[in-house]
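Residue-level structural notes
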Amino acid sequence: MNIQAFLLEKTIDALISIGAPKDNKIYIRTSNKLHFGDYQINGIMSVAKKMSISTYQLAEKILPLLKLEDIASKVEIAGSGFINIFLNKKWISKQIELILQYEKLFIHSVKPQTIIIDYSAPNIAKQMHIGHLRSTIIGDAISRTLDFLGHNVIRVNHIGDWGTQFGMLIAYIEKIQLKNTSNIMLDDLEIFYRKAKKCYDKDETFAKIARNYVVKLQSGDEYCRKMWRKLVDITMIYNQKIYHRLNVTLTKNDIMGESLYNNMLPNIVNDLISKGLAVKSNGAIVVYLDEFKNKAGNTMGVIIQKKDGGYLYTTTDIACIKYRYEILHADRILYYTDSRQHQHLIQVWDIARKASYIPMNMSLEHHIFGMILGKDGKPFKTRSGTTIKLTDLLDEAIKRASNVIRKKNPNISEKDLQSITQSVGIGAIKYSDLSKNRTTSYIFDWDKMLSFNGNTAPYMQYAYTRISSIFKRANIKPSELIDHVILVNKYEQSLAIRLLQFEEIILSVARKGLPHIMCAYLYDLASLFSSFYEHCPILNSKNDIFKCSRLKLALLTQKTLKIGLDILGIETIEKM
Ligand code: ARG
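Attention in this report is confined to the structure presented alongside it.

How each quantity is defined
- Residues numbered from 1 in each chain as written.
- Predicted model: local features only at pLDDT ≥ 70, side-chain atom pairs only at ≥ 80, totals over all residues.
- Heavy atoms only, no water.
- Helix = DSSP H or I, 4+ residues; strand = E, 2+ residues; numbered from the N terminus.
- Buried < 20%, exposed > 50% of the residue type's maximum accessible area, 1.4 Å probe, protein only.
- Contact = heavy atoms within 4.5 Å.
- Lys, Arg positive; Asp, Glu negative; His and termini not counted.
- Charge placed at Lys NZ, Arg CZ, Asp CG, Glu CD.
- Pairing = 2+ DSSP bridges.
- Axes fitted to C-alpha atoms, helices over the stretch in contact; angles between N-to-C directions.
- Near = heavy atom within 4 Å.
- Polar contact = N/O pair within 3.5 Å; in protein donor to acceptor, adjacent residues only side chain to side chain.
- Areas by Shrake-Rupley, 256 points an atom, 1.4 Å probe, with all protein chains shown as cover.
- Nonpolar A, V, L, I, M, F, W, Y, C, P; charged D, E, K, R; others polar.

Details of the overall build of the protein
Counting secondary structure elements, the protein contains 20 helices and 13 strands. Principal axes of the C-alpha set define a box for the protein whose edges measure 85 × 70 × 40 Å. Residues counted as buried form 52% of the 576 residues belonging to the protein. Sequence separation of at least 24 residues holds for 72% of the intrachain contacts in the protein that already meet a minimum separation of 6. With 78 positive and 56 negative side-chain charges, the protein shows a separation of 3 Å between the mean positions of the two kinds.

Some details on the sheet that holds strand E10 (residues 332-335)
Strand order across the open sheet formed by four strands is E6-E5-E10-E11, with parallel pairing between neighbours. Single-partner strands in this sheet number two, and they are strand E6 (152-156) and strand E11 (363-366). Direction aside, neighbouring strands of the sheet carry axes that sit 15° apart on average. Summarising the sheet, strand E5 (residues 114-118) and E6 pair through five bridges and their orientation is parallel. Counted as the bridge partner of Ile-117 is Arg-155 from E6. Packing against the sheet, helix H5 (residues 133-148) makes contact with E5, E6 and E10, and its axis sits at approximately 160° to E6.

Looking at the site of the ligand
Near the ligand the following residues occur: Asp-118, Ala-121, Asn-123, His-158, Tyr-313, Asp-317, Tyr-335, Thr-337 and Gln-341. Within the contact set of the ligand, a nitrogen atom lies 2.8 Å away from a side-chain nitrogen or oxygen of Tyr-313. Protein contacts shield 86% of the accessible area of the ligand, which totals 350 Å² for the unbound molecule. Looking at the shell around the ligand residue by residue, the classes come out as three nonpolar, four polar and two charged.

Topic: the sheet that holds strand E8 (residues 284-293)
Spatially, E7-E8-E9 is the arrangement adopted by the three strands of the open sheet, whose pairing is antiparallel. Strands at the two margins of the open sheet, each flanked by one partner only, are strand E7 (278-281) and strand E9 (299-305). Pairs of neighbouring strands in the sheet enclose a mean axial angle of 45°, with direction left out of account. Seen against the sheet, helix H12 (residues 342-354) touches E8 and E9 and runs at an angle of roughly 100° to E8.

Overview of the pairing of E9
Both E8 and E9 contribute to a ladder of six bridges, which runs antiparallel. Bridge pairing in E9 links Val-287 to Val-302. Connecting E8 to the next strand, E9, in antiparallel fashion are five residues, including Gly-297 with a positive phi near 90°.

Dropping the structure here:
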């Protein structure tokens, strides 16, 4: 149930019926104070101005035309012309009953779109590190959200699997005469790459061989392709294990790395030249973009082909976006990439639009995120000052979660401890990240994220298990709850209204790509449930009708928490 959208539609209908001019500044807000009702119509002032009447007069005119008899118990004008809407308890109860019948809580997408989500995107021959965490888990949470809404979601792992480093690696593996390449580990590859780079920089013969391998790889040489494939596989098998541990939905099939577009690049360059967008400049091929000026105020040039014939990251992304439109039929593309790549992306989009590779109105969004900082406010590093590898971070989360759980529950069996620890430890890292507005940086804090108080994974997971245990104690199956929902006090009512707002929240997360909105909602919901539970006896209720009604509210809370946490990629557990 999208109450906001429903009320907006009614408001607009009422305005149209009195001949008001169209205005898109009108919006429906949830009220933050009880005496303002549950929802408020805002922004009719601008319409009143256009009609040369006061906001109050306009409010008075539309009030009787709103047709909210079913949904509202009271609609009143407040202040200079806000309209407060008090929802009707009977209507709320009916909606609760309705959505409770549906597995997806009666939520459906407005209009399914094909949406590409470009996230994670590690580079080959390197371990994933803390810098990949935000893109990976935020991108995944948004993919899950859009999936839930019924969109055609295409997850894309745009891995860095092409470039000169492969020439170096192949040359190096040959140089050290490594016969058995089948048990190379990712750690080895990292060392190989570092050593290969050293050789490349100081040994001209080695550099020549390496460059030659790049050319051979580009032209499809069988040996080079085989070696390249091996290097990619070693890395991605390893990364796949990290995705699995992180409960991230990316699979092998989502890999569409830079190499995929390699064959398109010569045509892209020729085409941009023939369209008059790209020109030769000092031997390189450059696109000049009038909208972009450098520090000196001159038009900025984006190189798409180097003097030596090599292509660039930008060239690949231009080909890639063309592919995503022509082959994948994307309506919308979301990029979860480091904010330092913002300029790069808007240049790519600009070029792609000018070349008509994509329609003007295609929605392209760079969902930037801040940095993960240590307690000193600087980028979070290991004690010795090196980058934190994701595996190490996850190991530590499990260790710490295990201590926390054991302390809380000293008699827990080893088996239970293990499975709970997994969900809590990984959940804690993910939730602490997702619960912050992604556009800002935050300080990584083990103690806070593993706390059972506050907006944390353990708190949310615990809230969920509490409801599970109510049902266990009640020894009642959800299908046995036949009496209707009745809302007698404010605790029940507040909880019920918040439950009905789930759809608004999920749509807002989907639109803005901001998972923290979901976290804040779930936290609020869990807190409302807590006060409801404290003030409204469920199992000890004197009246069976109340008991059933309250169990239904508990059940819907549990379902909502479950779906909300699922969407965030956070596991729920049955006991803790
Ligand atoms: N591999 C890149 C990096 O590590 C991120 C790729 C982002 N996606 C894209 N289409 N450029 O920085």
